[in-house]
Amino acid sequence: MAARPAFRMLRWLLRSGTRGCTSGAPVTQLHPGGGPPPAREELPTRLQYLREHAAPFSAFLTDSFGRRHSYLRISLTEKCNLRCQYCMPEEGVPLTPRADLLTTEEILTLSRLFVREGVDKIRLTGGEPLIRPDVVDIVAQLHQLKGLRTIGITTNGINLARLLPQLQKAGLGAINISLDTLVPAKFEFIVRRKGFHKVMEGIHKAIELGYNPVKVNCVVMRGLNEDELLDFVALTKSLPLDVRFIEYMPFDGNKWNFKKMVSYKEMLDTIQQRWPELETLPEKESSTAKAFKIPGFQGQVSFITSMSENFCGTCNRLRITADGNLKVCLFGNSEVSLRDHLRAGASEEELLSIVGAAVGRKKRQHAGMFNIAQMKNRPMILIGG
């Protein structure tokens with residue numbers, strides 16, 4: 001298969017737990033048991049504190065259908081060093097003036113507010129969050145918030161190998177890496193830039209530093225990369241990866257077409273033909289993924305079925321864009337500016353009322369893929385995923 005050279009390269013990179021990385025820096029061995037990597041010595045104390053001081057969940061973050069929103073995704077920047085076809089229009093997007101983007105202090109102020117109301121997981125997104133100069137400091141300051149259990153990041157992996165040791169020390173607990181092909185030439189076609197080997201090095205570094213699982217996000221598009229499904233699954237045989245196959249979703253400027261979308265059931269059927277022993281894993285509460293595992297394999301595969309089988313009924317996610325707008329649904333075009341209210345001097349009580357009103361207006365489910373394709377919404381790059 002065309003992806004075999006990349007597969008062999010990654011296997012070679014991971015064959016020795018003590019080899020030097022390309023930067024020449026020493027590399028640590030994998031953590032036995034693969035526990036959460038950052039701040040391991042303080043983890044039991046931190047979790048004990050969180051359990052003992054758990055507060056009743058905020059009414060402001062509970063919608064009219066009883067969904068509790070405990071997961072906040074914050075976009076740190078609209079800029080990106082790649083140009084992925086499904087994320088950004090080929091001609092690019094007009095960027096928000098810097099003065100209109102959230103400052104670091106505004107990000108932290110909003111984070112404190114949401115965590116105090118019950119958010120226990122924050123994921124940093126973009127754009128590409130790792131091109132923001134103070135990303136390590138932001139992670140470190142978020143890590144100080146009492147009640148926050150998990151800090152994650154979604155990255156294209158280009159800068160990951162260089163920054164991950166610092167991010168781990170700062171408190172980064174979870175990593176999602178975008179990778180849509182194992183063929184270097186196809187990678188350049190999809191993202192319109194070079195960088196395949198840097199992404200592979202980033203995956204390698206995450207595994208070395210003990211992240212388990214390392215989540216790999218793969219947007220599957222017919223005629224482009226659906227022929228690599230089995231190659232991605234094969235990576236999970238000896239690596240602690242959670243390869244997450246994502247249905248192609250419509251956003252402004254990405255030229256979505258139903259015929260390009262490969263449904264979850266079609267992908268699953270392809271994989272089961274090769275591995276009929278594939279087992280279904282229990283679904284976690286509020287998970288967006290349907291998870292499966294091949295017996296004897298170290299990792300697993302998952303499917304994000306936003307289009308064919310939505311998971312709106314258990315959605316617990318809110319999003320803040322880089323310019324400070326609150327989005328209660330990824331596919332909805334309704335937004336409210338928290339930035340403007342912050343800068344106008346709104347009190348915490350006023351901010352909570354604004355957030356609560358927005359959450360209260362959240363619909364039972366999104367409009368469906370064909371209606372979404374006709375709706376005006378931001379390009380993915382300006383939402384943050």
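In this text, all values refer to a predicted model and were calculated from it rather than measured experimentally.

Rules and cut-offs
Numbering of residues begins from 1 in every chain and follows the order in which that chain's sequence is written. pLDDT decides what is reported in this predicted model: residues at 70 or higher carry local features, side-chain atom pairs at 80 or more are listed and counted, and totals for whole chains, interfaces and linings draw on all residues regardless. Values reported for side chains reflect all heavy atoms of the structure, with hydrogen atoms and water molecules removed beforehand. We call two strands paired when DSSP finds no fewer than two bridges between them. Helical segments are the DSSP runs of H or I of at least four residues, strand segments are the runs of E of at least two, and each set is numbered from the N terminus. Only heavy atoms matter for contacts: two residues are in contact if any of them lie within 4.5 Å across the pair. Note on definitions: angles span 0 to 180 degrees between N-to-C directions of axes, and those axes are lines fitted to C-alpha atoms, for helices only across the stretch in contact. Note on terminology: a nonpolar core comprises buried Ala, Val, Leu, Ile, Met, Phe, Trp, Tyr and Cys residues joined through side-chain atoms within 4.5 Å. Here's how the labels work: a residue is buried when its accessible area is under 20% of the maximum for its type, exposed when over 50%, partly exposed in between, all with a 1.4 Å probe on protein chains only. For a helix, the expected span equals 1.5 Å multiplied by the residue count minus one. A side-chain nitrogen of Lys or Arg and a carboxyl oxygen of Asp or Glu constitute a salt bridge if their distance falls within 4 Å. Pairing of aromatic rings covers Phe, Tyr and Trp, the last counted by its six-membered ring, and requires centre-to-centre distances within 6.5 Å; plane angles under 30 degrees mean stacked, over 60 mean edge-to-face, and any other angle means tilted. The rule is short: NZ of Lys or CZ of Arg within 6 Å of the ring centre and within 35 degrees of the ring normal puts a charge over the ring.

J.: Would you mind showing me how to read the sheet that holds strand S9 (residues 300–304) here?
T.: Strand pairing in a sheet is mediated by backbone hydrogen bonds. Such pairs are either parallel or antiparallel. Pairing within the open sheet is mixed, and its 12 strands lie in the order S7-S8-S9-S6-S5-S4-S3-S2-S1-S10-S11-S12. At either margin of the open sheet sits one strand with a lone partner, and together these are strand S7 (279–280) and strand S12 (335–337). Two strands pair when backbone bridges link them, and strand S5 (residues 214–220) and strand S6 (residues 241–247) are joined in this way by 7 bridges, in the parallel orientation. Within S6, the position partnered with Val216 by the bridge is Val243. Across the sheet, helix H4 (residues 135–142) is in contact with strand S2 (121–125) and strand S3 (150–155); its angle to S2 comes to roughly 175°.

J.: Teacher, can you tell me more about the nonpolar core here?
T.: One recurring pattern in soluble globular proteins: nonpolar side chains tend to sit buried together. Formed by 95 residues in total, the largest nonpolar core has its most connected members in Phe114, Leu179, Phe245 and Leu326. Leave out the neighbours within four places in its chain, and Leu326 touches Phe114, Leu318, Arg319, Ile320, Ser334, Glu335, Val336, Leu338, Val355 and Ala358.

J.: Would you take a moment to explain helix H7 (residues 196–208) for this structure?
T.: Spacing of three or four residues puts side chains on the same side of an α-helix, whose turn is 3.6 residues. Its 13 residues place the ends of H7 19 Å apart at the C-alpha level, agreeing with the 18 Å of an ideal helix rising 1.5 Å per residue. The buried count for H7 comes to 11 of 13 residues, which makes it a mostly enclosed element. Listing the buried residues of H7 in full gives Phe196, Val199, Met200, Glu201, Gly202, Ile203, His204, Lys205, Ala206, Ile207 and Glu208. Looking one or two places after H7, you find Gly210, whose phi comes out positive at around 95°.

J.: How should the pattern of salt bridges be read in this particular structure?
T.: Side chains that differ in charge, positive against negative, can pair when their charged atoms come close. In this structure the tally under the stated criterion is 13 salt bridges. Between Lys194 and Glu188 there is a salt bridge, with its nearest N and O atoms 3.4 Å apart. With its nearest N and O atoms 3.4 Å apart, the salt bridge here joins Glu335 to Lys327. For Glu335, a relative accessible area of 28% puts it in the partly exposed group. Connected through salt bridges with shared partners, the residues Lys186, Asp227 and Glu228 form a single ionic network.

J.: Would you take a moment to explain the packing of aromatic side chains for this structure?
T.: Each aromatic ring pair is summarised here by two numbers: the centre-to-centre distance and the angle between the ring planes. Scanning all chains against the criterion turns up 6 aromatic pairs. Ring geometry for Phe187 versus Phe196: centroids 5.8 Å apart, planes at 70°, classification edge-to-face. As far as the burial class goes, Phe187 and Phe196 line up, both buried. Put simply, the rings of Phe232, Phe245, Tyr264, Phe292 and Phe303 pair up and form one aromatic cluster. A cation over an aromatic ring shows up here: Lys121 above the ring of Tyr71, its NZ or CZ 4.5 Å from the ring centre.

Remember, this is a structural readout, not a statement about activity or role.
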